[in-house]
Amino acid sequence: MKTYAVDIAGMAGPPRLVQSACADEAARQLLQQGLMPLAVREVSAGERSKRRLATTPAALALALRQLGQLIEAGMPLDEALSLLARSEAKPNRALATRLLQAVREGVAISVALSATPGVSPIVAGIVRGAEHAGALPRGFFAAADFLDRAQEIRRAVWSALFYPMLLASVACLATLFILAVVIPEFAPLFQGEEAKLPWITRATLAASSLVVGRVWLIVLAGLSVAAVIAMTQSRRPGRFWLRLPLFRELALLQAASVLEVLGRLMQNGVDASDAMRLTAEAAQGSLLAGAFASGERRLREGESLARIFDGISALPASTRSLIQVGEASGQIGRSIVSAGRMLEQDTQHRINRLLAILNPAAVLLMGAVVALLVAGIMLGILGINQWVLR
């Protein structure tokens, strides 16, 4: 995927950044969002690295929630934006100033959000649906809730992974220290007597000889493997990783947030096919990536949402059944939100239960490895003492 900078008619400020396979596809994406592209150019990697988001997700959620509260209290949109533009928070002030300028030029607030760097198309889609339904405050609140939930899930994922990763790192470093520093001090004691040593002592000495002089190479290899795993998981979980319980549960947690996004969009009046297209960005790297990639086309061809999700075997049967019931009862948006939240709660419960087993197991494994290395040396020393006594 390439990144394109697109100048949009009627929009002041920097161009809109769009990720697409080609320039024509980038222009078509904006046309489908009700925007008029004037010029499209590819952004180089160096230029992308210099760009910064106009606002953080936390600051954007706060600004949207404040806008919803002000409008719900009876204040016109332009006055609410003007008030936020005079606030002390610099990110909110910059965002409100940009939006106020666009609104005073006659641009819809959802279109202005869509053209703002750093604002997800999902946020703009939620606001656009509420805008069409005449319930703009509800759209602002829903968009802020979405941003908050996304941050909560991100924090939950890191919290779940931090302690096991810390234990694994400590175990590896302790093992390397014993093999590279401690055992070589005892190795001269066993020279010439290797054939008489117990097998565990011979294995310990062999492992130490492999590590000595290669510590930094081993550390670099470990960091490279960790980086490859992180990059793989950030794009899309592979089949191998999904066989591992923890990675599968984390993938389901991300899928739950994607489901809630889709349901929020549909609850706010966005058409099912448009909601599927907007949610495809959130689905990147998740279990639902394949379904959402083709979902918009299949919906336009007349296929039902329930049938699309019924083909996703990675989702639990209860989640798919709830979506089917919602479509049959005419409450599909609400049912998808409920399905996403129920899946998130069940997944977090399983993750907590898995970590309750995994963390003590990691401690025991670390202790067992260190104990085996120490036992190998001690048994060798005891064997030498017995030879001397004989």
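Scroll up to find the structure this text is about.
Now for a look at the structure at hand. (Residues numbered from 1 in each chain as written. Predicted model: local features only at pLDDT ≥ 70, side-chain atom pairs only at ≥ 80, totals over all residues. Heavy atoms only, no water.)

### Here we look at a nonpolar patch on the surface
Move 1: A contiguous nonpolar surface patch, about 450 Å² in accessible area, is contributed by Phe-162, Tyr-163, Leu-166, Val-170 and Val-363.
Move 2: Sorting elements by how many residues they give to the nonpolar patch places helix H8 (residues 136-186) first, with four residues.
Move 3: Following the sequence through the fold, Tyr-163 ends up in helix H8.
Move 4: Assessed through its relative accessible area of 39%, Tyr-163 is described here as partly exposed. (Patch = residues over 30% accessible without salt bridge, like charges linked within 9 Å, V, L, I, M, F, W, Y side chains within 5 Å. Areas by Shrake-Rupley, 256 points an atom, 1.4 Å probe, with all protein chains shown as cover. Salt bridge = Lys/Arg side-chain N within 4 Å of Asp/Glu carboxyl O. Helix = DSSP H or I, 4+ residues; strand = E, 2+ residues; numbered from the N terminus. Buried < 20%, exposed > 50% of the residue type's maximum accessible area, 1.4 Å probe, protein only.)

### Describing helix H14 (residues 289-300)
An α-helix turns once every 3.6 residues. As a result, residues three or four positions apart point the same way.
Move 1: Buried within H14 we find Ala-289, Ala-291, Phe-292, Ser-294, Gly-295, Glu-296, Arg-298 and Leu-299.
Move 2: In the segment just after H14, Gly-302 is the residue with positive phi, at about 100 degrees.

### Topic: the nonpolar core
A general trend in soluble globular proteins is that nonpolar side chains are found buried together.
Move 1: Leu-64, Ile-109, Leu-113, Phe-140, Leu-305 and Phe-309 are the most contacted members of the largest nonpolar core, which has 71 residues in total.
Move 2: Among all residues touching Leu-64, those that are not within four sequence positions of it are Leu-113, Val-123, Phe-140, Ala-143, Ala-144 and Leu-147.
Move 3: Core analysis: the next-biggest nonpolar cluster, separate from the first, contains ten residues, Ile-183, Leu-205, Val-211 and Leu-373 among them. (Core = buried A, V, L, I, M, F, W, Y, C linked by side-chain atoms within 4.5 Å. Contact = heavy atoms within 4.5 Å.)

### Observations concerning the pattern of salt bridges
Move 1: Applying the stated criterion to the full structure yields six salt bridges.
Move 2: Across the pair Glu-303 and Arg-298 runs a salt bridge, and its minimum N-O distance is 2.8 Å.
Move 3: On the basis of relative accessible area, Glu-303 is assigned to the partly exposed category, the value being 22%.
Move 4: With its nearest N and O atoms 3.5 Å apart, the salt bridge here joins Arg-307 to Glu-303.
Move 5: One salt-bridge network, held together by shared partners, links Arg-65, Asp-145 and Asp-148.

### Here we look at the packing of H8 against helix H9 (residues 199-211)
Move 1: Orientation of H8 relative to H9, taken along the N-to-C sense of each, is 105 degrees, at an axis distance of 9 Å. Between H8 and H9, the crossing angle belongs to the class labelled roughly perpendicular. Contacts between H8 and H9 pair Leu-176, Leu-179, Ala-180, Ile-183 and Pro-184 from the former with Thr-204, Leu-205, Ala-207, Ser-208 and Val-211 from the latter.
Move 2: Tallied by class, the residues present in the contact of H8 with H9 amount to eight nonpolar, two polar and no charged. (Axes fitted to C-alpha atoms, helices over the stretch in contact; angles between N-to-C directions. Parallel < 35°, antiparallel > 145°, perpendicular 65-115°, else oblique. Nonpolar A, V, L, I, M, F, W, Y, C, P; charged D, E, K, R; others polar.)

### Considerations on the packing of helix H3 (residues 57-72) against helix H4 (residues 77-85)
Move 1: Two numbers describe how H3 lies on H4: the axes approach to 9 Å, and their chain directions differ by 135 degrees. Looking at the two axes, H3 sits oblique to H4. Read as a crossing pair, H3 and H4 show a hand that is right-handed. Residues Ala-63, Gln-66, Leu-67, Leu-70 and Ile-71 of H3 form the contact with H4, whose participating residues are Leu-77, Ala-80, Leu-81, Leu-83 and Leu-84.
Move 2: In terms of residue class, the contact of H3 with H4 is built from nine nonpolar, one polar and no charged. (Left-handed = near helix turned anticlockwise from the far one by under 90°.)

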